[in-house]
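Notes for the structure review
Residues per chain are reported as follows:
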Amino acid sequence: AQSVTQPDIHITVSEGASLELRCNYSYGATPYLFWYVQSPGQGLQLLLKYFSGDTLVQGIKGFEAEFKRSQSSFNLRKPSVHWSDAAEYFCAVGVPGGSYIPTFGRGTSLIVHP
Amino acid sequence: NAGVTQTPKFRVLKTGQSMTLLCAQDMNHEYMYWYRQDPGMGLRLIHYSVGEGTTAKGEVPDGYNVSRLKKQNFLLGLESAAPSQTSVYFCASGTDYGYTFGSGTRLTVV
């Protein structure tokens, strides 16, 4: 079965600084990979996804993520963080043609200081 | 707007009461899911469905039942609510290529 690890429970950055949120997965082949964002009191919104091809994927709100097969990672990045980016971020793994059940990480809470 | 709609948004129950949470999607998705979200626990899958008339247990199914009589609807029932079921409940629908979440139901059991 697949699994997802988000090593950082909380990340604090200053507004305007760069951001990288870590995600590591465990799966025997290349999975489908997703990043979701949850603003306070809201549901989860899809930021970006990777299925195949170019390992650098662009998403909404200026986010990007890079798939690194050798490291089993799919880290989320943003060059300059805005205060409105403060939220909970979830990495998720899906199995192509498979189990129907996406596996979510525990989430990383992003705090943005002015 | 296309998406996933959850009703109600908020509910307070007394211990032992029953209720049903409704999830409706208009994207013709086969897969639907019910999750609960608790502080520090992330999302935990309660039940899921891979098509009309099918349901299956997830990670934390005890105390909950579900039904999917119509493709667009996925109902989550609590037969006898307990304080441990105080949580935020999210419904999602999707395909292998991504999932759309509802805005959640905040349930408090007193």
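What comes next concerns the included structure. (Residues numbered from 1 in each chain as written. Chains lettered and ligands numbered in written order. Predicted model: local features only at pLDDT ≥ 70, side-chain atom pairs only at ≥ 80, totals over all residues. Heavy atoms only, no water.)

**Topic: the overall build of chain A**
Along chain A, the regular secondary structure elements total 0 helices and 12 strands. Going from the N terminus to the C terminus, chain A shows its helices and strands as β-β-β-β-β-β-β-β-β-β-β-β. Evaluated residue by residue, chain A yields a buried proportion of 45% over its 114 residues. Across chain A, contacts joining residues at least 24 apart in sequence account for 55% of those joining residues at least 6 apart. Carbon and sulfur atoms make up 50% of the accessible area of chain A, which totals about 5,400 Å². (Helix = DSSP H or I, 4+ residues; strand = E, 2+ residues; numbered from the N terminus. Buried < 20%, exposed > 50% of the residue type's maximum accessible area, 1.4 Å probe, protein only. Contact = heavy atoms within 4.5 Å. Areas by Shrake-Rupley, 256 points an atom, 1.4 Å probe, with all protein chains shown as cover.)

**Overview of unusual backbone geometry**
Residues and elements named next belong to chain B. P8 follows T7 through a cis peptide bond whose omega is -5°. Here P8 is to be found in the loop between strand 1 (4-7) and strand 2 (10-13). Positive phi, close to 60°, is recorded for N28, a residue that is not glycine. As for its placement among the helices and strands, N28 is situated in the loop between strand 3 (19-25) and strand 4 (31-38).

**Comments concerning the side chain of E64 of chain A**
Residues and elements named next belong to chain A. Along the chain, E64 falls in strand 8 (residues 64-68). There is a polar contact of 3.2 Å between the side chain of E64 and the side chain of Q58. Each residue touching E64, except ones within four places of it in the same chain, is listed here: L48, L56, V57, Q58, N75, L76 and R77. (Polar contact = N/O pair within 3.5 Å; in protein donor to acceptor, adjacent residues only side chain to side chain.)

**Points about the pairing of strand 9 (residues 73-78) of chain A**
Residues and elements named next belong to chain A. Of all 6 residues making up strand 9, 5 are buried, and the element is well covered by its neighbours. Pairing between strand 8 and strand 9: 5 bridges, direction antiparallel. Bridge pairing in strand 9 places K68 opposite S73. Here strand 8 folds back onto strand 9 in antiparallel fashion, the turn holding 4 residues, of which S72 has a positive phi close to 50°. (Pairing = 2+ DSSP bridges.)

**Thoughts on the state of the cysteines**
Scanning the entire structure with this criterion turns up 2 disulfides over all chains. Across the disulfide, C23 of chain A is cross-linked to C91 of chain A (sulfur-sulfur distance 1.9 Å). Where C23 of chain A bonds to C91 of chain A through sulfur, the torsion about that S-S bond is close to -65°, and the disulfide is left-handed. Separated by 68 residues along the polypeptide, C23 of chain A in the loop between strand 3 (19-21) and strand 4 (24-26) and C91 of chain A in strand 10 (residues 87-94) bring together distant segments of the chain. Residue classification places C91 of chain A among the buried positions, given a relative accessible area of 0%. One disulfide in the model links C23 of chain B with C91 of chain B; its S-S distance is 1.8 Å. When the S-S torsion is -75°, as for the bridge of C23 of chain B with C91 of chain B, the disulfide is left-handed. Residue C23 of chain B is located in strand 3, and its partner C91 of chain B is located in strand 9 (residues 87-95); the two are separated by 68 residues in the primary sequence. C91 of chain B carries the same exposure label as C23 of chain B, and that label is buried. (Disulfide = S-S within 2.5 Å.)

**Some words on the layout of surface pockets**
Unfilled space is identified by rolling a water-sized probe across the atoms. In this structure, the largest pocket spans a volume of roughly 580 Å³. Together, 27 residues line the largest pocket, and Q38 and E88 of chain A together with Q37, D38 and P39 of chain B are the ones closest to its centre. Contributions of two or more residues to the lining of the largest pocket are made by strand 10 of chain A together with strand 4, strand 9 and strand 11 (105-109) of chain B. The residue makeup of the lining of the largest pocket, split by class, is 8 nonpolar, 14 polar and 5 charged. Roughly 350 Å³ of volume is contained in the second largest pocket. For the second largest pocket, the lining is made up of 16 residues, of which T103 and F104 of chain A together with L43, R44 and E59 of chain B are closest to its centre. For the lining of the second largest pocket, the secondary-structure elements that each account for two or more residues are strand 1 (3-5) and strand 11 (103-104) of chain A together with strand 5 (42-49) of chain B. No other element matches the 4 residues that strand 5 of chain B contributes to the lining of the second largest pocket. The residue makeup of the lining of the second largest pocket, split by class, is 8 nonpolar, 5 polar and 3 charged. (1 Å grid on protein atoms, 1.4 Å probe; cavity = no way out; pocket = protein on both sides within 12 Å on 5 of 7 lines; lining within 4 Å. Points joined across faces, edges and corners; volume = space filled by probe spheres on them. Nonpolar A, V, L, I, M, F, W, Y, C, P; charged D, E, K, R; others polar.)

**A look at the pairing of strand 7 (residues 64-67) of chain B**
Residue and element names in this part refer to chain B. Only one face of strand 7 is buried: it carries Y64 and V66, and the other face, with N65 and S67, is open. One ladder, built from 4 bridges, connects strand 7 with strand 8 (residues 73-78); its direction is antiparallel. For Y64, the partnering residue across the bridge sits in strand 8 and is L78.

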